[in-house]
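# Observations on the three-dimensional arrangement
The residues making up each chain are set out below.
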Amino acid sequence: MRKPKTNKDQQNIEEQQPQHVIKEEKPISDKYSVKYNSKTQLRLDEKDSFVLGEPGTKIYSVKWDADDKYIACACENGTVRIFNIKKRQLSYLINSLLPGTPFSYVKWRPQAQQFKTRNIFVTGNTKGEVQHWHMTSGKCLGTMKEDNSDIYCIDYNQDATKLAVCGLNPIIRIHDEEKRVVDVRLGVEQTQPPGHNNRVYCVKFHPQNPNMLISGGWDYRVLIWDIRQKKPEANQIYGPLICGDGIDMRESFDGQQLLTASWTQEKQLQTWDLRTCKLICNFDWNSQIKVSNQPCQLYSGQFSRIFDNQLTLAGGSGENEVRIFDSQDFDNAQICIHDLCREVNTVDWAHKDSRFAFSGGDGYLRIFEIQQIN
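Values in this document were obtained by computation on a predicted structure and should not be read as measured data.

What counts, and at which threshold
- Residues numbered from 1 in each chain as written.
- Predicted model: local features only at pLDDT ≥ 70, side-chain atom pairs only at ≥ 80, totals over all residues.
- Heavy atoms only, no water.
- UniProt positions renumbered as here; feature names shortened; annotations may be inferred.
- Helix = DSSP H or I, 4+ residues; strand = E, 2+ residues; numbered from the N terminus.
- Core = buried A, V, L, I, M, F, W, Y, C linked by side-chain atoms within 4.5 Å.
- Buried < 20%, exposed > 50% of the residue type's maximum accessible area, 1.4 Å probe, protein only.
- Contact = heavy atoms within 4.5 Å.
- Salt bridge = Lys/Arg side-chain N within 4 Å of Asp/Glu carboxyl O.
- Disulfide = S-S within 2.5 Å.
- Pairing = 2+ DSSP bridges.

### Here we look at the UniProt feature "repeat: WD" (unreviewed entry) in the protein chain
Residues annotated in UniProt with the feature "repeat: WD" (unreviewed entry) correspond here to residues 193-235. Strand forms 47% of residues 193-235 and helix 0%; the C-alpha atoms that close the span are 9 Å apart.

Below you can see the structure in the form of structure tokens.
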């Protein structure tokens with residue numbers, strides 16, 4: 001078993017983390033500005049771009065459902081807000097069973113043959129609870145808990161038989177979705193290479209290999225796990241500081257390209273070869289579009305689900321902004337949404353069209369649609 005860290009050890013580890021860039025906060029507002037690469041053929045469709053919700057609570061996680069009808073928002077004030085995007089209104093409000101306990105993550109369960117009930121989503125909270133909810137009835141269908149550690153990320157495998165959970169505790173848990181029990185714990189035993197030694201902010205199943213899991217967090221490492229072996233692969237990625245939902249895989253390349261969004265002042269957005277763990281590309285964050293000299297440190301990043309995964313969306317703090325990059329234009333920035341009053345904690349692409357959503361410290365849910373011009 002791994003030797004438990006003392007309080008002094010934990011303090012030393014956390015002191016290694018870069019300090020947040022202090023920036024005078026603007027008044028809460030739903031206003032924003034947009035800048036375009038002068039050569040881009042992409043534009044935001046103004047008639048299908050809008051802002052929902054109201055200020056008053058941070059939003060840590062937003063997710064489109066599989067039909068792109070609803071977006072669920074995990075909120076700091078202990079609610080999950082679910083918006084009907086076609087009607088542009090709040091449709092469901094789920095309250096924590098522990099009033100005021102922040103929801104830190106939300107994930108819709110994929111539709112699978114073994115499950116008859118639809119509209120199920122899962123949440124993580126700051127009390128270590130993973131809970132299944134039924135959207136339509138608002139009922140909590142069950143709670144899983146091992147300790148009181150914050151939950152930061154949840155992911156399903158492709159057929160929704162397994163659920164991976166990570167958080168403040170560096171141990172990653174793989175749950176059996178039907179039995180609602182932990183099947184595998186990754187990082188418990190001392191292995192070579194070792195598991196994580198600090199907070200784990202993101203965990204993702206490989207889109208095609210059900211036995212492969214990717215994780216990243218505060219120890220500047222992205223690990224590739226073989227669930228059957230219960231240990232990381234020998235190849236690792238060193239450098240990314242993952243502080244949110246900042247890992248994704250590009251499915252159009254057989255899932256072999258990995259994206260990392262780091263909470264760093266440079267080399268924030270990178271792609272990697274998943275087979276060799278070698279760097280493919282450093283995105284130049286300020287390429288083609290320069291807003292200010294303030295760096296943007298990223299919490300979240302994602303490949304587009306359409307456009308052959310060629311677009312990349314990312315957002316963060318410092319210079320509170322969201323940018324879209326195009327891999328067919330040497331990964332240059334195409335669109336920048338800036339002048340946001342608070343940080344961007346979470347981004348998500350729609351599944352079937354060119355819309356995307358993001359949210360953060362101001363409590364607003366912002367939805368945009370991309371169109372191509374001649």
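### Points about the nonpolar core
Core analysis: the largest hydrophobic core is formed by 46 residues, its most contacted members being Ile172, Leu213, Ile214 and Leu258. Each residue touching Ile214, except ones within four places of it in the same chain, is listed here: Cys202, Val203, Lys204, Val222, Leu223, Ile224, Ile247, Met249, Leu258 and Leu274. Counting 16 residues, the second-largest nonpolar core is a separate cluster that includes Leu311, Ile324, Leu340 and Trp349.

### What to know about the pattern of salt bridges
All chains considered together, the criterion is met by 21 salt bridges. Here Arg366 and Asp362 are joined by a salt bridge, their closest N and O atoms 2.5 Å apart. Here Arg366 falls in the buried class, since its relative accessible area comes to 1%. Residues joined by salt bridges that share partners form a network here, namely Asp45, Lys47, Asp48 and Arg88.

### Some remarks on the UniProt feature "domain: Anaphase-promoting complex subunit 4-like WD40" (unreviewed entry) in the protein chain
On the UniProt side, "domain: Anaphase-promoting complex subunit 4-like WD40" (unreviewed entry) is annotated at positions that read residues 50-92 here. Helix makes up 0% of residues 50-92 and strand 58%, and the two end C-alpha atoms of the span are 19 Å apart.

### Side note on the state of the cysteines
Here the structure, examined in full by the defined rule, presents 0 disulfides. There is no disulfide at Cys166, and the cysteine sulfur nearest it, in Cys153, is 4.8 Å away. Taking relative accessible area as the criterion, Cys166 reaches 2% and is therefore assigned buried. We note that Cys202 lacks a disulfide partner, and the nearest cysteine sulfur, in Cys153, lies 4.2 Å from it.

### Things to note about the pairing of strand E30 (residues 355-360)
The buried count for E30 comes to 6 of 6 residues, which makes it a mostly enclosed element. Neither face of E30 is left uncovered, since the one carrying Arg355, Ala357 and Ser359 and the one carrying Phe356, Phe358 and Gly360 both have all their residues buried. The turn joining strand E29 (residues 344-349) and E30, which pair antiparallel and follow one another in sequence, is formed by 5 residues. Taken together, the 4 bridges between E30 and strand E31 (residues 365-372) define a ladder with antiparallel strand orientation. Across the sheet, the residue bridging to Ala357 is Ile367, located in E31. In textbook terms, the turn of a hairpin is the stretch between consecutive antiparallel strands, and for E30 and E31 this stretch comprises 4 residues, one of which, Gly363, has a positive phi near 85°.

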